[in-house]
Amino acid sequence: MSMATATLKLFSQLSDYLPPGADQNQALIEIGPSTTVDGVITALALPAGKCHLVLLNGVFIPPSERIATPIRPGDALAIWPPVGGG
Amino acid sequence: MSWTGKFLRVNLTEGTVKSEALNREWARLYLGQRGLASKYLAEEIDPRVDPLSPDNKIIFTTGPLTGTNASTAGRYSVVTKGPLTGCIACSNSGGMFGAELKNAGWDMIIFEGRAAKPVYFHVENDRAELRDAQPFWGKTVWETDAGLKAHHQDPMLRVATIGASGENGVLFACIVNDLHRAAGRSGVGAVMGSKNLKAVAVRGSKGVRVKDPVRFLKSVAEQKQVLADNAVTSQGLPTYGTQVLMNVINEVGALPTRNFQDVQFDGARRISAEAMREPRRSDGKANLVTNAACFGCTIACGRISQIDPGHYTIVNRPEYRHASGGLEYEAAWALGAATGVDDLEALTFANFLCNEHAIDPISFGATVAAAMELYELGAITSKETGGIILTFGSAEALTALAELTGKAQGFGRDIGLGSKRLCAKYGHPDLSMTVKGQEFPAYDPRGIQGMGLSYATSNRGACHLRGYTVASEIMGTPVKTDPLVTDGKAALVKAFQDATAAFDSAGICIFTSFAWTLENVAPQLDAACEGEWTADYLLEVGERIWNLERQFNLAAGMTAKDDTLPKRLLKEAAKTGPAKGLASGLATMLPEYYAQRGWSAAGVPTAETLKRLALA
Ligand code: SF4
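Residues numbered from 1 in each chain as written. Chains lettered and ligands numbered in written order. Predicted model: local features only at pLDDT ≥ 70, side-chain atom pairs only at ≥ 80, totals over all residues. Heavy atoms only, no water.

For the rest of this paragraph, the subject is the interface of chain A and chain B. Contact with chain A, which involves 23 residues of that partner, is made by 28 residues of chain B. A buried area of about 2,000 Å², summed over both sides, lies between chain A and chain B, and 61% of it is on carbon and sulfur atoms. Across the pair Lys9 of chain A and Glu251 of chain B runs a salt bridge, and its minimum N-O distance is 2.9 Å. At the boundary of chain A and chain B, one finds six residue pairs in polar contact (both at pLDDT 80 or more). Split by residue class, the side of chain A that touches chain B holds ten nonpolar, eleven polar and two charged. (Contact = heavy atoms within 4.5 Å. Buried area = accessible area lost by both parts, 1.4 Å probe. Salt bridge = Lys/Arg side-chain N within 4 Å of Asp/Glu carboxyl O. Polar contact = N/O pair within 3.5 Å; in protein donor to acceptor, adjacent residues only side chain to side chain. Nonpolar A, V, L, I, M, F, W, Y, C, P; charged D, E, K, R; others polar.)

Okay, structure coming up:
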């Protein structure tokens, strides 16, 4: 049975941390029943200071909730370092 | 000091130029640039004047820090009554022009009347004169810039000019300085054109005097360090530019797409900052060549791009193969997501054309988006467009119309009316995505609720630069708030609006505010300028400016009814993303905002508020 997957998107300076095979700033990642937002950040060794804007399906997950927020099959986790513009 | 203390008054009707002393009391109350010029405009014109008549005035104005070595201190603004909106207009630009004007010894230039024949205004330190612009009339920005430099044999001349668009009343014509920096919004270029004023060309070498040079240098160094230590102003903006937002705003479901029919664009990634940095398949080069900085800026967010030489837009037009001003986020959105076009090279070409012909890419792109919806409905046909197939997603239609609008030709003249007048002309006024006649920028108020209130109450019509709550609602600066709720947004919008008015009056760039608050600006102003300048006082100045602008607009005929959003945003819910099912909650926020401001339920500042702000 194949594992369930979610989409990981890393942008701006975090693009360098995309797993092999990523295209257009995104990659499919395998997830298990206990995968969390924080778990993905740790597994990819993303620098904590650069994980500023962390969006699960477009909704901001504050740092304090990342450990307890599960990732479900089909979710999209998108992460940016601090951004500004306008 | 820091103000030069004098300005030029140019009567175009009579052909006279006078030097006048700056009103120091007003400088104390309104600081400079946006605030001070708005005060002069409000005192000197009847707010009900026709913006394109000789009775309107147009003011080129610097701030006290402009031309100093504070970071980003090269800004100037153009203040007038805007023809697109009928409101007070204040368009801010970077580049080198503003600092040059200040270094020539002038805080501002007030142009009044209308010249009988095309003229340009040449300033070289104390020498200032009107000159014949017949040879440049009808010429593009780039031709005029090169022509004036050649004529004066001065490659360092700084030129702010209009193109044929401004000469021919395109209502979102802008003023471009230094080839690709623009006083972009509200049609300030059309006002210049209506006065037969083609360009302002400036050379200044006097330097700017500050009150306490030692303290000023120390303060400037400290505040530059704050920018250098901040991830956004030291890394994010220089590397990716404002365009980093394309994927962010799409992901949060607030990227207005196809004239705000949708809030997410499937082509967003292809027109983003990340795409601009990738080698192209065709020639192996990236669209982005380098970043660039305005005068004295230590952030350097500017984009310099080069179009793929094999792309259809320029394959037979070698004159566009050079590197020039590339896509900023707002332009990329308006030319791209708003119209459904995801061809990065075509958007870059359209952006070049907007610079070359001096049209505001936000209003242009947003108006094309409205025209595309009208075309798909059958309200506009190929007969009107001169054969252009104006469907969403057509890069060919977009680039053809950029040229026609920039030159004020063919169907470009209809586009040049702006979205409000275009949609009214073709029988669907509700399809115009505007507030007070000005097109929206790149944030959907259904997905970022505070921006709905910010647009509805902006004194120059829909605008992101009057109160950028996106910083808080999306980026978490200074604190993260939830973009989907209306609670607390009235106070947030007011705080952003007042602080921004103070930044805009100081001579610095608003992008410093990703790292600076008024606490960082105040010590620099206090060391540079006469008087005492604290963050609290600056916030009061900002609030005073906001109310002054409001008073002008009310006197011009605006009412609370104009503080609204198009029906689509109030009634049609977002279809996808986190805001799915949500429309704008403006009705909840607006009364609270009026109360926060000390305005009546009809949106009029109360006598007490006016007194508190020294406006009565
Ligand atoms: S931050 Fe960007 S727009 Fe602002 S002054 Fe610097 S280069 Fe110009």
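Another point: the environment of Glu519 of chain B. Tracing the sequence through the fold places Glu519 of chain B in helix H21 (residues 518–528). Each C-alpha atom, one on Glu519 of chain B and one on Ala574 of chain B, is 38 Å from the other, the two residues being 55 residues apart in sequence. (Helix = DSSP H or I, 4+ residues; strand = E, 2+ residues; numbered from the N terminus.)

Residues and elements named next belong to chain B. Take Asp107: it is sitting in the loop between helix H3 (97–103) and strand E6 (108–112). The side chain of Asp107 is buried and forms no salt bridge, while Lys102, the nearest opposite charge, is found at 4.5 Å. Polar side-chain contacts of Asp107 include one of 2.8 Å to the backbone nitrogen of Gly5. Setting aside anything within four residues of it in sequence, one finds Asp107 in contact with Ser2, Trp3, Thr4, Gly5, Lys6, Leu22, Phe60, Thr61, Thr62 and Lys102. (Buried < 20%, exposed > 50% of the residue type's maximum accessible area, 1.4 Å probe, protein only. Lys, Arg positive; Asp, Glu negative; His and termini not counted.)

Let us now look at the nonpolar core. Residues and elements named next belong to chain B. Membership of the largest hydrophobic core comes to 169 residues, with the highest contact counts inside it found for Ile249, Trp333, Phe364 and Tyr443. Here Phe364 is in contact with Phe172, Leu335, Cys354, Ile359, Leu398, Leu401, Ala402, Thr405 and Ile415, once residues within four sequence places are set aside. In this structure, Leu12, Phe60, Val188 and Met192 belong to the second largest nonpolar core, which totals 29 residues. (Core = buried A, V, L, I, M, F, W, Y, C linked by side-chain atoms within 4.5 Å.)

Now for the side chain of Arg466 of chain B. Residues and elements named next belong to chain B. Note on placement: Arg466 falls in the loop between helix H18 (449–457) and helix H19 (470–475). For Arg466, the side chain forms a polar contact with the main-chain oxygen of Cys90, separated by 2.8 Å. Residues within four places of Arg466 in sequence aside, it is in contact with Arg34, Cys90, Ser458, Arg460, Phe496, Gln497, Thr500, Asp504 and Trp546.

Residue and element names in this part refer to chain B. Going through the model one piece at a time under the given rule, you end up with 49 salt bridges over all chains. Here Arg203 makes a salt bridge to Glu100, at a shortest N to O gap of 3.5 Å. Highlighted residues: Arg203 in strand E12 (residues 197–203) and Glu100 in helix H3, separated in sequence by 103 residues. Accessibility expressed as a relative area gives 25% for Arg203, which makes it partly exposed. Overall, the relative accessible area of 11% leaves Glu100 in the buried class.

Honestly, it's all geometry; don't read function into it.
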